[in-house]
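A closer look at the structure
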Amino acid sequence: MQTLRASKCGLSTAQLPSSILDVIDSLTKAGYEAYIVGGGVRDLMLGQSPKDYDAVTNATPSQVKEVFGRRCRIIGRRFELAHVYSGRELIEVATFRAPPKKAITSAAGMILRDNNWGTIEQDFARRDFSINALYYQPRKGIVLDFCNAVDDVNNKTLRLLGDPAQRFEEDPVRMLRTLRFAAKLHFNIDQNILDIFTPEMTQLLRDVSPHRLYDESQKLFTMGHLNRVMPMLIEFGIWQQLFADLETKITPFMERAAKNTDQRIQIGKTINPAFFYAVLLWENFLQRCEVYQSKGVVATEARAQAGLDVLKRQASRTIIPRFAETFIREVWEMQTRLLNPKPQQIEALSGHARFRAGFDFLLLREKSGDASTQGMGAWWEAYQNMSLDEKERAISSYNRQRAKNRRKATPEEPVESKVSAQIEPLVKETETRSRRTRKPRVEEKKPVTHAVSHQADTIHPDHPILKRKRVQRDLTKVVFGPTQ
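Residues numbered from 1 in each chain as written. Predicted model: local features only at pLDDT ≥ 70, side-chain atom pairs only at ≥ 80, totals over all residues. Heavy atoms only, no water.

**Here's the deal with the confidence of the model for the chain**
- Confidence in the prediction for the chain averages 83 pLDDT; 81% of positions are at 70 or higher.
- Residue range residues 412–435 is modelled with pLDDT below 50. Its contacts to residues more than four positions away, or to other chains, number twelve contacts.
- Counted against residues more than four places away or in other chains, residues 442–456, with its pLDDT under 50, gives ten contacts. (pLDDT = per-residue confidence, 0-100. Contact = heavy atoms within 4.5 Å.)

Written as structure tokens, this is what we have:
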């Protein structure tokens with residue numbers, strides 16, 4: 001172990017937010033050791049802005065709870081942790097861990113329970129990557145380096161502590177973390193890792209909870225380097241373990257969506273991780289729709305059932321939360337509505353809660369070369385930037401073009417179906433645009449009226465049925481004709 005001055009590593013308390021300093025100071029004041037550890041220290045040394053900070057201490061989770069009271073919540077069963085709230089920030093506080101006295105592992109070697117407390121030296125040995133094993137004490141201004149991690153940071157090398165095969169068996173999610181760090185930090189993967197990183201090794205991910213794999217997939221989508229990590233997922237065999245029934249290739253649509261996601265993150269815009277799941281599963285959704293429509297299912301019902309089938313199948317790998325599933329299905333459903341909107345519904349559609357996500361999805365499809373969008377992505381993009389008068393003119397123009405396209409589709413055919421076209425109508429009427437004229441035609445009722453008039457001619461003018469006043473009627477003499 002070597003103790004380094006924080007200033008030589010490019011670290012100072014001025015870089016740290018008040019939330020992490022509050023946690024470190026509170027634990028130190030209570031008589032415990034406390035350090036900042038993990039990605040926060042690593043990113044500060046690389047000149048990046050850490051997304052969050054983690055703390056480690058020799059206090060047990062229950063003791064941390066005593067220090068912070070209601071601001072602390074203990075979570076986890078496999079790895080018990082303390083979540084401490086400082087203002088609006090959440091700091092994760094872990095306890096120094098020692099090797100388990102009795103290994104509680106699965107048949108594949110994955111650790112199922114790990115709540116044995118130990119010293120900082122023992123905790124270092126349990127860490128996964130060397131670059132995440134730097135312990136920074138901001139008040140003392142020192143950094144504890146147990147494995148020459150500073151050299152790995154400077155050399156941009158991603159190295160696992162201990163035997164890589166054993167570390168992957170203990171926690172298969174470390175394979176995902178390896179690719180995520182390599183893509184995010186532009187680090188080279190150590191050769192010892194590459195030697196054992198095989199498709200057979202990735203089968204261990206089947207033992208990981210689908211809920212946890214979903215969380216890890218969200219980290220891949222939101223790290224800002226999605227376009228770089230996708231080919232790595234295919235190269236190392238992770239792609240097949242994360243996504244059910246998905247071809248091992250990156251389509252132009254996926255690539256453009258990944259680049260767009262990275263650009264939004266870089267300029268500080270918010271993203272919905274479920275959006276990229278909608279992109280990934282789009283082709284599967286279309287294929288499933290065709291299956292149902294080939295069986296004669298109505299298009300609306302086919303889309304609804306296809307969405308349920310695709311998401312249920314994906315749940316065998318990563319369980320998508322219910323709210324995210326609803327978002328994905330609504331984005332898919334918006335594609336049909338945006339491609340062929342009714343003119344009178346265009347304005348209301350542009351104010352729909354899922355319009356923006358559906359429009360972005362449609363525009364990405366169009367820009368990636370999907371001809372089925374028929375240019376509607378560009379139309380909606382222009383429509384959003386128009387004034388009210390321009391929107392009215394655009395809708396009128398769209399309505400005329402829509403009617404023109406429908407006439408072109410059936411140039412010499414009447415509107416009626418082929419079956420009804422074979423029947424010669426009694427009276428040929430010119431077709432009007434009013435919907436009221438499409439009600440049952442009058443000529444179908446004319447024979448009935450003729451029968452009534454003919455029957456009425458045979459009744460005597462003095463017959464009681466023709467008198468206006470109520471009189472006692474002899475029903476035996478009343479002739480009832482057909483009624484309309």
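Alright, that's what it looks like, and here's the rest.
**Concerning unusual backbone geometry**
- For His186, which is not glycine, the phi dihedral falls at a positive 60°.
- Mapping His186 onto the fold places it in the loop between helix H7 (173–185) and strand S10 (188–189).
- For His186, a relative accessible area of 46% gives the class partly exposed. (Helix = DSSP H or I, 4+ residues; strand = E, 2+ residues; numbered from the N terminus. Buried < 20%, exposed > 50% of the residue type's maximum accessible area, 1.4 Å probe, protein only.)

**Regarding the nonpolar core**
- In terms of nonpolar packing, the biggest core is built from 110 residues, with Tyr135, Ile238 and Trp332 touching the most fellow members.
- It is H7 that provides the largest number of residues to this core, a total of eight residues.
- In contact with Trp332, not counting residues within four places along its chain, are Ala278, Leu281, Trp282, Phe285, Gly307, Val310, Leu311 and Phe361. (Core = buried A, V, L, I, M, F, W, Y, C linked by side-chain atoms within 4.5 Å.)

**Observations concerning the side chain of Arg127**
- Topologically, Arg127 is positioned in the loop between helix H4 (120–126) and strand S7 (134–137).
- On the basis of relative accessibility, which here comes to 19%, the residue Arg127 falls in the buried class.
- Polar contacts involving the side chain of Arg127 include one to the side chain of Asp123, which spans 3.3 Å.
- Filtering out sequence-adjacent residues up to four positions away, Arg127 remains in contact with Val37, Val56, Asn132, Ala133, Tyr135, Leu161 and Arg167. (Polar contact = N/O pair within 3.5 Å; in protein donor to acceptor, adjacent residues only side chain to side chain.)

**Quick notes on the packing of aromatic side chains**
- Per the stated rule, a full pass over the model turns up 22 aromatic pairs.
- Aromatic side chains Phe275 and Phe361 sit 5.9 Å apart centroid to centroid with 75° between the ring planes, which places their arrangement in the edge-to-face category. Placement of Phe275 in helix H14 (residues 273–280) and of Phe361 in helix H19 (residues 355–367) is noted, with a sequence separation of 86 residues between them.
- Judged by its relative accessible area of 0%, Phe361 is buried.
- Measuring from centroid to centroid gives 4.5 Å for Phe285 and Trp332, while their planes differ by 20°, and the two rings are stacked. Residue Phe285 is found in helix H15 (residues 282–294), and its partner Trp332 is found in helix H17 (residues 322–339); the two are separated by 47 residues along the sequence. Here Phe285 and Trp332 have matching classes, each one buried.
- Connected via pairs of aromatic rings, a cluster forms that spans Tyr214, Phe221, Trp239, Phe243, Phe276 and Tyr277.
- Here the basic side chain of Arg42 rests over the ring of Phe181, its NZ or CZ set 4.8 Å away from the ring centre.
- One cation-aromatic arrangement involves Lys391 over Tyr383; the distance from NZ or CZ to the ring centre is 5.1 Å. (Phe/Tyr/Trp six-rings, centres within 6.5 Å; stacked < 30°, edge-to-face > 60°. Lys NZ or Arg CZ within 6 Å of the ring centre and 35° of its normal.)

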